[in-house]
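# Report on the structure
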Amino acid sequence: MAFLPGGRFLVTEKAGRMRVVGADGKLGAPLAGVPPVAAGGQGGLLDVLADSDFEKNRTFYFCFSEPEAGGSANGTALARAQLSPDGSRLDNLRIIFSQRPKVASRHHFGCRIVEARDGTLFLTLGDRFSRKEDAQKLDNHVGKLVRVAKDGTAPADNPFVGRPGALPEIWSYGHRNGQGAALAPDGKLWMHEHGPQGGDEINIPQPGRNHGWPVITYGENYGGGKIGDGLTRQEGMEQPLHYWVPSIAPSGMAFLTSDRYGAAWKGNLFVGSLKFGYLDRIELRDGKVVAEHRLLEDGRARIRDVKQGPDGLLYVLTDQSDGKLIRLLPD
């Protein structure tokens, strides 16, 4: 979900529909002009982000699983478009980035978008499940965090620009499947990613750093058994800021910067759980996780996204056949 002027929302649905939700909660008709998506498994129409200057340019960005023309492969793509003045369609659609290579897979698309303070865009890219070893290689976009300008070009200060055999869009590598990303109050990018069985991680990705997947992990193979050599640490590879065992299947990520819920919640990090169906309120101190609190813990709703709105309140999007957009009010 993304926030639009006037209290409206732009919401994506996995099957390939995008809708405007009114400030009164009324659901609009699907927008025209959405490109074809490879909707199946974990693929479909995924994250959406309004440009920081949306009120002037009506521009937004979205990512989706892009099908291969005439083939069975697919990959994560990032598009930019403008919302038509009447709010019924996408205008001036342009695909500004496509993950290379495309892979025949229904898994691990990643696909979270964040606009940095300098106007560049970060995009998380999954390892496609069957290509996890490629997360350690710089000649592809598999298992990477990329940074691009709003026209899709690689900024000149990206860490691998000019390095032979490395793709210039890459910011950091060794990621598995990033399903949440957000700017911290100090402007640094934070992200989380799914581990295998155990080992979901929160990371603060720095330029050019290797986050280790699949060489190091706090998880194990599905059904048990170590991954690779079963390492959790190796020189030259980053340790996560925090990890979960067992996995919570994190999705969505937001820092609360408002005081709408009182001083104790200000500065907390909020992460949804797909597996257990709760919202995790994470207390931080000196950049470390010191406590976690489960909210909305009824286990009935997979929480796909969480964001702080322009009104300072938290909004949660649930992932189910009758998914809901929920506004959380202070008690």
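The next point concerns unusual backbone geometry. In this model, Arg100 is joined to Pro101 through a cis peptide bond whose omega is -5°. Among the secondary structure elements, Pro101 is positioned in the loop between strand 7 (90-98) and strand 8 (110-115). Here the bond from Val245 into Pro246 is cis, since omega is 5°, no more than 30 degrees from zero. Its identity is not glycine, yet Asn92 carries a phi of approximately 55°, on the positive side. Its relative accessible area of 59% is what places Asn92 among the exposed residues. Despite not being glycine, Phe129 shows a phi value in the positive range, around 70°. As for its placement among the helices and strands, Phe129 is situated in the loop between strand 9 (121-125) and strand 10 (144-148).

Before going further, it helps to spend a moment on the sheet that holds strand 8. The four strands lie next to each other as 8-9-10-11, forming an open sheet whose pairing is antiparallel. Two strands in the sheet have a free side with no partner beyond their single neighbour: strand 8 and strand 11 (170-173). Each strand axis lies, on average, 15° off the axis of its neighbour in the sheet, ignoring direction. For strand 10 and strand 11, the ladder comprises three bridges, and the chain directions are antiparallel. Bridge pairing in strand 11 places Lys144 opposite Tyr173.

Applying the stated rule across the entire model yields twelve aromatic pairs. Geometrically, the ring pair formed by Phe160 and Tyr173 is edge-to-face, given 6.0 Å between the ring centres and 70° between the ring planes. Of this pair, Phe160 sits in the loop between strand 10 and strand 11 while Tyr173 sits in strand 11, placing them 13 residues apart in sequence. We note that Phe160, like Tyr173, is buried. Taking the centre distance of 6.3 Å and the plane angle of 10° together, the rings of Phe276 and Tyr278 count as stacked. Taking relative accessible area as the criterion, Phe276 reaches 31% and is therefore assigned partly exposed. Ring pairs connect the aromatic residues Phe3, Phe9 and Tyr315, which therefore count as one cluster. Here the basic side chain of Arg128 rests over the ring of Phe109, its NZ or CZ set 4.2 Å away from the ring centre.

Basis of the calculations
Throughout, residues of each chain are indexed from 1 in the direction in which the sequence is written. The model is predicted, so local features are restricted to residues of pLDDT at least 70 and side-chain atom pairs to those at 80 or more, both for listing and for counting; the totals for chains, interfaces and linings are taken over all residues. As a convention, hydrogens and water are excluded, and side-chain values are obtained from all of the structure's heavy atoms. Strands here are runs of E lasting at least two residues and helices are runs of H or I lasting at least four, both read from the DSSP assignment and numbered beginning at the N terminus. Three labels apply to residues, based on accessible area from a 1.4 Å probe with only protein chains included: buried if under 20% of the type maximum, exposed if over 50%, partly exposed otherwise in between. Strand pairing follows a simple DSSP-based rule, namely that at least 2 bridges must link the two strands. What counts as an axis is a line fitted to C-alpha atoms, over the stretch in contact for a helix, and the angles between N-to-C directions run from 0 to 180 degrees. Stacked, tilted and edge-to-face are the three classes applied to pairs of Phe, Tyr and Trp rings, where Trp contributes its six-membered ring and a pair requires centres within 6.5 Å; stacked means planes under 30 degrees apart, edge-to-face means over 60, and tilted covers the rest. A ring has a charge above it when a Lys NZ or an Arg CZ is no more than 6 Å from the ring centre and no more than 35 degrees off the ring normal.

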